[in-house]
Amino acid sequence: MSSDFETARESIERMVRNHPENVARILANHGGKIETRAAVLTPVDTGLLMRATQYHVSSIDAYGHGEVSLTVENRMVYAHYQHENKLNHPNKPTARDHFISIPFEKEVPAIIDDIVQTDIKEATQ
């Protein structure tokens, strides 16, 4: 198992180093999926919280290195409270706490797989 993990880690590092634009594209694709799935789980009163979730892909860190990251966040002030606390008044059947972290965590294996598969394609071309 650790061999699979090590192989995936090496592929990801290679892709970020050699093709950060491909990694950024993959992360943007999955960021959109996470945003959509989070909306289904987001509690709704006025709809502002549901519409305020967004993703952002950053291709360069603060030091100018070629790192790539995906951030999914909600702009509403009360989003953290709603995200971290159990709902005491479910207002739609799918609403729940951790409405961003649940879809994010579920998407991580697909993100890793897409990056590794793209690395394999790059290596064989």
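Residues numbered from 1 in each chain as written. Predicted model: local features only at pLDDT ≥ 70, side-chain atom pairs only at ≥ 80, totals over all residues. Heavy atoms only, no water.

**So, the layout of surface pockets**
Regions of empty space are outlined by a rolling probe, equal in size to a water molecule, passed over the atoms. Here the largest pocket is characterised by a volume of approximately 190 Å³. Around the largest pocket sit Ile12, Val16, Val23, Leu27, Val68, Ser69, Leu70, Val108, Ile111, Ile112 and Ile115, which together line it. Of all the elements in the fold, those that place two or more residues in the lining of the largest pocket are helix H1 (2-18), helix H2 (20-41), strand S2 (69-74) and helix H5 (101-124). In terms of residue count, the dominant contributor to the lining of the largest pocket is H5 (four residues). (1 Å grid on protein atoms, 1.4 Å probe; cavity = no way out; pocket = protein on both sides within 12 Å on 5 of 7 lines; lining within 4 Å. Points joined across faces, edges and corners; volume = space filled by probe spheres on them. Helix = DSSP H or I, 4+ residues; strand = E, 2+ residues; numbered from the N terminus.)

**Observations regarding the environment of Leu48**
Inspection of the secondary structure puts Leu48 in helix H3 (residues 48-51). Excluding its chain neighbours within four sequence positions, the residues that come into contact with Leu48 are Met76 and Tyr78. (Contact = heavy atoms within 4.5 Å.)

**Considerations on the pattern of salt bridges**
Counting across every chain of the model gives five salt bridges. The partner of Arg9 in a salt bridge is Glu13, with the nearest N and O atoms 2.6 Å apart. Here Arg9 and its partner Glu13 are both found in helix H1, four residues apart, which amounts to about one turn of the helix. A residue is classified by how much of its surface remains accessible, and Arg9, at 32% relative accessible area, is partly exposed. Under the relative-accessibility criterion, Glu13 is labelled partly exposed at 38%. Here Asp97 makes a salt bridge to Arg96, at a shortest N to O gap of 3.4 Å. (Salt bridge = Lys/Arg side-chain N within 4 Å of Asp/Glu carboxyl O. Buried < 20%, exposed > 50% of the residue type's maximum accessible area, 1.4 Å probe, protein only.)

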